[in-house]
Every structure is written in structure tokens, then in C-alpha cells.
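Fold and contact review
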Amino acid sequence: MIRYSLPYPPSVNNLFVNAGKRRVTSEPYQRWQGAAQGAILEQGRKRIHGPVSLSVALVRPDKRRRDLSNTLKAVEDVLVSMAVIDDDSLIQRISVQWVASGEPCVVIIQEAVEAMAA
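Attention in this report is confined to the structure presented alongside it. (Residues numbered from 1 in each chain as written. Predicted model: local features only at pLDDT ≥ 70, side-chain atom pairs only at ≥ 80, totals over all residues. Heavy atoms only, no water.)

A short note on the environment of alanine 100
Examined against the element boundaries, alanine 100 turns out to sit in the loop between β5 (91-99) and β6 (105-111). Residue class for alanine 100 comes out exposed when judged on its relative accessible area of 80%. Considering only alpha carbons, one finds alanine 100 and methionine 82, 18 residues apart in sequence, at a separation of 28 Å. (Helix = DSSP H or I, 4+ residues; strand = E, 2+ residues; numbered from the N terminus. Buried < 20%, exposed > 50% of the residue type's maximum accessible area, 1.4 Å probe, protein only.)

A short note on helix α2 (residues 72-81)
Within α2, 7 of the 10 residues are buried, which leaves the element mostly enclosed by the surrounding structure. Of all the positions in α2, only Leu72, Ala74, Val75, Glu76, Asp77, Val78 and Leu79 are classed as buried. Next to the buried residues of α2 lie β1 (2-6), α1 (27-43), β4 (52-59), β5 and β6. Phi turns positive one or two residues past the end of α2, at alanine 83, with a value near 60°. (Contact = heavy atoms within 4.5 Å.)

Focus on the side chain of glutamate 76
In this structure, glutamate 76 sits in helix α2. Each residue touching glutamate 76, except ones within four places of it in the same chain, is listed here: Leu54, Ile85, Asp88, Ile91 and Ile94.

Concerning the pattern of salt bridges
In total, this model carries 7 salt bridges according to the counting rule given. Between aspartate 62 and arginine 64 there is a salt bridge whose closest N-O contact spans 3.2 Å. Residue classification places aspartate 62 among the partly exposed residues on the basis of a relative accessible area of 30%. The salt bridge involving aspartate 88 is made with lysine 73; its shortest N-O contact spans 3.2 Å. Note that aspartate 88 is positioned in the loop between α2 and β5 and lysine 73 in helix α2, a separation of 15 residues in sequence. On the basis of relative accessibility, which here comes to 32%, the residue lysine 73 falls in the partly exposed class. (Salt bridge = Lys/Arg side-chain N within 4 Å of Asp/Glu carboxyl O.)

Structural data, given as C-alpha cells:
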């Protein structure tokens, strides 16, 4: 099991911007990636190979309505970019929830356990 505390992730709606005919990463997303990568290095980068399960706990940063699932793409991508997991296509199960207090974003990565009840 690997546990990381990360900054609160940006919404998938704000990860990319149009630049002419191309889509590029937004400046806020680039800043978040740098902060998240630094947090992973600070906490000790570890790896899990093969299929994994993710558990993500988020503290709402403010009172605005937010779509919980929109936070996952940034988290998945930073785990791949830091080689914590091999590829986000290997994520077999994801649990994500709001929590009342604590660190902005806590991610737990585990080897995927097969044959769990659906």
C-alpha cells in the first residue's frame, strides 16, 4: 500500500486550454502538477506494478458545488507521470469520497484484489 497527501486537484474541466488548433495543459494544471510531483517526492516516491486500486479522500476547498469524479483525472495522471503506477489503464477499481476535514487530497494505492463482490 502507498499513501500520498496531495494538493486539492483541479477539475477535469480546467486541465486543458485551446491554443490555436491544439489542446495544451493549462497554467493552473501545470502548477498543480509541479506541486503534486513535489509532494510525492517529499513523501518518498514508491511504485506498484500491474493492476491497482485507488482510494481518494477529498476535503471540499470551499462551499461551491463540485463534481467529485472531475478530480480523478489529474490524480491518475500525476501517479503515472511520477511512475508510481505503470499506466492509468491498469486502475481496476476507484473509490472517491468527500471527507469533512483533514488533508486536501489523500490517495491510497494498492495492488488490485480480484474477486471482490460487485
